[in-house]
Amino acid sequence: MSLHNLSYVCSHLKNCSMARVPITSIQYTKLHLALVLGLYRHGAISHVQLGSRAGPDTKPVQVTRENISSRRLWVTLKYYNAEPVIKNALLESKPSKKKTMKIPALKRLVEGYWAENTKPLDPGDLLFLRTDKGILEAREAVELQRGGQLLCRFTSLR
């Protein structure tokens, strides 16, 4: 996993959202796919599609070793009353300092309290973690009793 690439994805989604870009592409990796599917599941984006550098695929294309470097995830951003749903995107773990959180601290964070020098979650926020069950949003992780590495936080429209 590269947190450098994840920081690029966070800033790219934030910048495209603020510039009112309807569709954008990011590099295809398992981590990025899990992250954008989490954003889709929680209503922060409206569509995710696999494609190439030229645009989204019109018919399914098998991902192989030969074409993996040219594959992109095409993300359709969501807007509500002409305002972007994604207001901010921040990397919680830095490449030089990875933050992990156990279940009690994560539960405090979800309940709205500071935990281990991490700002609490506001009602519209999404905090994604890497756990042994994959990439989960903080509330899902608490529900499943899983701690893990904090990845990124998305502040959405309230």
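Check the entry above for the structure.
Residues numbered from 1 in each chain as written. Predicted model: local features only at pLDDT ≥ 70, side-chain atom pairs only at ≥ 80, totals over all residues. Heavy atoms only, no water.

Some thoughts on the sheet that holds strand β4 (residues 72-77)
Consider a sheet: its strands pair through backbone hydrogen bonds, and that pairing is either parallel or antiparallel. On the basis of which strands lie adjacent, the open sheet formed by four strands has the order β1-β4-β2-β3 and antiparallel pairing. In this open sheet, the two edge strands, each paired with only one partner strand, are β1 (23-27) and β3 (55-56). Examined bridge by bridge, strand β2 (residues 45-52) and β3 share two bridges and lie antiparallel to one another. Its bridge partner lying in β3, glycine 51 is registered against proline 56. (Pairing = 2+ DSSP bridges. Helix = DSSP H or I, 4+ residues; strand = E, 2+ residues; numbered from the N terminus.)

A few points about the nonpolar core
Considering soluble globular proteins, one finds that nonpolar side chains tend to be buried as a cluster. Formed by 25 residues in total, the largest nonpolar core has its most connected members in Leu39 and Phe154. Breaking this core down by element, the ones donating at least two residues are α1 (3-18), α2 (30-41), β4, β7 (86-91), β9 (125-131) and β11 (148-156). For this core, the element with the most residues is α1, which contributes six residues. Among residues more than four places away in sequence, those in contact with leucine 39 are Leu13, Ala44, Ile45, Leu126, Phe128 and Phe154. (Core = buried A, V, L, I, M, F, W, Y, C linked by side-chain atoms within 4.5 Å. Buried < 20%, exposed > 50% of the residue type's maximum accessible area, 1.4 Å probe, protein only. Contact = heavy atoms within 4.5 Å.)

Brief notes about the environment of glutamate 137
Structurally, glutamate 137 is set in strand β10 (residues 134-137). Through-space distance from the C-alpha of glutamate 137 to that of histidine 42 is 8.9 Å; in sequence the pair is 95 residues apart. A distance of 2.9 Å separates the side chain of glutamate 137 from the side chain of arginine 139, its partner in a polar contact. (Polar contact = N/O pair within 3.5 Å; in protein donor to acceptor, adjacent residues only side chain to side chain.)

What about the pattern of salt bridges?
When the charged atoms of two side chains with opposite charge come close together, those side chains can pair. Under the counting rule described, the total for this entry stands at 10 salt bridges. Residues arginine 20 and glutamate 83 are paired through a salt bridge, measuring 3.5 Å at the closest nitrogen-oxygen approach. You can see arginine 20 sitting in the loop between α1 and β1 and its partner glutamate 83 sitting in strand β6 (residues 83-84), a full 63 residues away along the chain. (Salt bridge = Lys/Arg side-chain N within 4 Å of Asp/Glu carboxyl O.)

Quick look at the side chain of serine 93
Residue placement: serine 93 occurs in the loop between β7 and β8 (100-101). A polar contact of 2.9 Å, which involves the side chain of serine 93, links it to the backbone nitrogen of lysine 99. For serine 93, the side chain forms a polar contact with the main-chain oxygen of leucine 150, separated by 2.4 Å. With residues up to four places along the chain from it excluded, the contact list for serine 93 reads Leu3, Lys98, Lys99, Gln149, Leu150 and Leu151.

Re the packing of aromatic side chains
Under the counting rule described, the total for this entry stands at one aromatic pair. Between phenylalanine 128 and phenylalanine 154, the aromatic rings sit 6.1 Å apart at their centres with planes inclined by 80°, giving edge-to-face as the arrangement. Here phenylalanine 128 is found in strand β9, whereas its partner phenylalanine 154 is found in strand β11, with 26 residues between them in sequence. By relative accessible area, which is 0% here, phenylalanine 128 ends up buried. According to the relative accessible area criterion, phenylalanine 154 is buried, its value standing at 1%. (Phe/Tyr/Trp six-rings, centres within 6.5 Å; stacked < 30°, edge-to-face > 60°.)

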